[in-house]
Amino acid sequence: MTMIMAIESSCDETACAIVKDGSEILSNIVSSQINVHTQFGGVVPEVASRIHVENISTVITEALHQAHMTMDDIDAIAFTQGPGLIGSLHVGVQAAKTLAWQFHKPLVPVNHMTGHIYANRFALDHDLKFPLLALVISGGHTQLVWMENEWDFKVIGTTQDDAIGEAYDKVSRVLGTGYPGGPIMDKMAKEGKPHYTLPTPKVHGKYDYSFSGLKTAVLQLIQREEKKGEPIIKEDVAYAFQETALNLMVSKTLQAVEDLHPAMVVTAGGVAANSRLRVLLDEGMKKYPDIELSQPPIRYCTDNASMIGASGYVAYKNGVRCGFDVSADPGLLMPGEV
Ligand code: KG4
Ligand code: ZN
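Residues numbered from 1 in each chain as written. Chains lettered and ligands numbered in written order. Predicted model: local features only at pLDDT ≥ 70, side-chain atom pairs only at ≥ 80, totals over all residues. Heavy atoms only, no water.

Chemist: Residues and numbers for the coordination of the zinc ion (ligand 2), please.
Modeler: Binding of the zinc ion (ligand 2) to the protein goes through His112 (NE2), His116 (NE2) and Asp303 (OD), at separations of 2.0 to 2.1 Å. Within one chain, the residues donating to the zinc ion (ligand 2) are spaced in sequence as H-x3-H-x186-D. With His112 and His116 both in helix α4 (residues 112-118) and four residues apart, this pair spans about one turn of that helix. For His112, a relative accessible area of 5% puts it in the buried group. Exposure remark for His116: the relative accessible area of 1% places this residue in the buried category. (Donors = N, O, S within 2.8 Å, 3.2 Å for Na, K, Ca; no water. Helix = DSSP H or I, 4+ residues; strand = E, 2+ residues; numbered from the N terminus. Buried < 20%, exposed > 50% of the residue type's maximum accessible area, 1.4 Å probe, protein only.)

Chemist: Got a sec to walk through the sheet that holds strand β3 (residues 24-32)? Specific residues and values, please.
Modeler: Paired through their backbone hydrogen bonds, the strands of a sheet run either parallel or antiparallel. Spatially, five strands are ordered β3-β2-β1-β4-β5 in an open sheet, and the strand pairing comes out mixed. Among the strands making up the open sheet, the edge pair consists of β3 and β5 (107-111). With strand direction ignored, the average angle separating the axes of adjacent strands in the sheet is 20°. Bridging between strand β2 (residues 13-20) and β3 involves eight bridges; their strand directions are antiparallel. Bridge pairing links Thr14 to Ser31 in β3. Sheet strands touched by helix α2 (residues 45-66): β1 (3-8), β2 and β3. Its angle to β2, the strand with the most contacts, is close to 25°. Contacts from helix α11 (residues 306-317) reach β1, β2, β3, β4 (76-82) and β5 within the one sheet, and its direction differs from that of β1 by about 125°. (Pairing = 2+ DSSP bridges. Axes fitted to C-alpha atoms, helices over the stretch in contact; angles between N-to-C directions. Contact = heavy atoms within 4.5 Å.)

Chemist: Any chance you could break down the side chain of Ser88 for me, citing the residues and the numbers?
Modeler: Within the secondary structure, Ser88 is located in helix α3 (residues 86-103). At a separation of 3.4 Å, a polar atom in the side chain of Ser88 contacts the side chain of His52. Other than its neighbours up to four places away in sequence, Ser88 contacts Ser9, Ser10, Cys11, Ala48, Ser49 and His52. (Polar contact = N/O pair within 3.5 Å; in protein donor to acceptor, adjacent residues only side chain to side chain.)

See below:
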């Protein structure tokens, strides 16, 4: 039995979880700063780090309390080393180092994106199956990741410019509908009709993506309609953007499934919470009944520490450790990525 304490502070959630054997959540505390950042229309890094400092001790204490544990019960401390905002990451890294030093525990550095992939473990009653194809989609990343086994990550596709979540957030800002854009646009698109058309982004790599042109096309569409004196139907813009972006995403994913035939396909990251993406992938994967599709519940898609605990457990088993000289790495690559 292995108990991992996990700490996550890469963006605007201060979080601590205690996870047993990488698959059972004993506690999962998330303190969100979303209400503060909403006022600014996006995450303000300086503000985020200050709030992490204020909240980190409380979330750690609460995670132990809810798991009915003391530090004596913990085998290792996993923490998000990157990628993320440097000032935010720094707070979690310092907290992890301090606890490891005080209580003589091994320190396990975790890549936030591997955490998102391993969040799927909580949605399943069995281990992940390999080879595995992960569609990793968040505010900062859009990647197709191929895993031959549990600690082997190969990025086979990526965005050539903006991440998908970033595009959602920017389009929402242009429409004046607020932050974070993803859930807002997801909801608005449900009311939208196929009224506007947007060009499908052109991408070179077989499994690569591009979203910055689409964002510009939305901006141009709005300007064109304004010039014509036509009112903008925001729901219809959300619908057009979402259909174009997600169809690109799903077609590339299905192309990789067709070519590589994984044992399992998983989605990961904040954008994996999208309701339309869930439907499109479910439909697309019907052609492959022998390949398991996992789309984790929304609470495991967005940032939390239990996913760092799940990934941290696998890292710990695979001998991943670091010393007290470790520091936050805002541009950290996936293990093995060059
Ligand atoms: O993984 P995450 O919580 O943080 C990062 O690691 O970046 O992802 C945040 C991103 C934001 O861009 C947010 O707008 C997007 O995930 N998001 C969504 C939805 N919920 C969150 N995007 C589309 N549809 C959603 N329902
Ligand atoms: Zn994330």
